[in-house]
Amino acid sequence: HTGHRWMAIAGSAAFFGITHSLLQQSLSAFVLGLVIGYLTLRTGSLFPGMLYHLTHNSLAMTAASYWPDKLKSVPSWEYFVAVDDSGLYYNPYFTLLCGAAAALLLYWLHRQPYAASEEERIQTAIDHQTSLTGQRPVWRLW
């Protein structure tokens, strides 16, 4: 229950990434795990992270299975997505725009008030005490 929240988020994101078989999926899942972990930490609930994961996977599956056939018939989609026989490709500018929007949303979430848990307050006190005394913190696995 005590420990550093970023180590917990990074560790769980790493395990989330490892569970995916392809390297590209593992790297994407690791980043997604960081976002979901942060979202869960900031909201204090698993449900927003579960909803984010459901939405992400639903959009990815829909894009892979349904959109390629439909997008070929709509020329205006070329500004966002390109489709050829080998797959679906996102326009780099559209990708950057979506990444910037995601960064702004994460920044907004970061600026929201955060109520630390009792465990986090204890860990902060331990860290503060060890920094004053010059002692190194003791790492416990259980």
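Residues numbered from 1 in each chain as written. Predicted model: local features only at pLDDT ≥ 70, side-chain atom pairs only at ≥ 80, totals over all residues. Heavy atoms only, no water.

### Some words on the packing of aromatic side chains
Move 1: As enumerated under the stated definition, the model contains one aromatic pair in all.
Move 2: Residues Trp6 and Tyr38 carry aromatic rings whose centres are separated by 5.5 Å and whose planes lie at 15° to one another, so their mutual orientation is stacked. Here Trp6, found in helix α1 (residues 5-18), pairs with Tyr38, found in helix α2 (residues 23-43); they are 32 residues apart in sequence, far enough to count as distant.
Move 3: What makes Trp6 partly exposed here is its relative accessible area of 48%. (Phe/Tyr/Trp six-rings, centres within 6.5 Å; stacked < 30°, edge-to-face > 60°. Helix = DSSP H or I, 4+ residues; strand = E, 2+ residues; numbered from the N terminus. Buried < 20%, exposed > 50% of the residue type's maximum accessible area, 1.4 Å probe, protein only.)

### Brief notes about α1
Move 1: With 14 residues, α1 should reach 20 Å at 1.5 Å per residue; the first-to-last C-alpha distance of 20 Å fits that figure.
Move 2: Those residues of α1 that sit buried are Ile9, Ala13 and Gly17. When α1 is viewed along its axis, its buried side chains cluster within an angular range of 70° and face the same direction. Residues of α1 that are exposed and point over 90 degrees away from its buried face: Met7, Phe15 and Ile18.
Move 3: Its buried side turned inward, α1 meets α2. (Expected span 1.5 Å × (residues − 1). Arc of directions from axis to C-beta. Contact = heavy atoms within 4.5 Å.)

### Brief notes about the confidence of the model for the protein
A low pLDDT score tells you not to read the predicted coordinates there in detail.
Move 1: On average, residues of the protein carry a pLDDT of 81, and 87% of them reach 70 or more.
Move 2: Looking over the protein, one finds the lowest element-wise mean pLDDT in helix α4 (residues 67-71), namely 68, and the highest in α1, namely 90. (pLDDT = per-residue confidence, 0-100.)

### Considering the environment of Tyr79
Move 1: The residue Tyr79 is located in the loop between α4 and β1 (81-84) in this model.
Move 2: Tyr79 gets classed as exposed once you look at its relative accessible area, which sits at 63%.
Move 3: Along the backbone, Tyr79 and Phe94 are 15 residues apart, and their C-alpha atoms lie at a distance of 7.8 Å.
Move 4: Beyond its immediate chain neighbours, meaning those up to four positions away, Tyr79 contacts Asn91 and Phe94.

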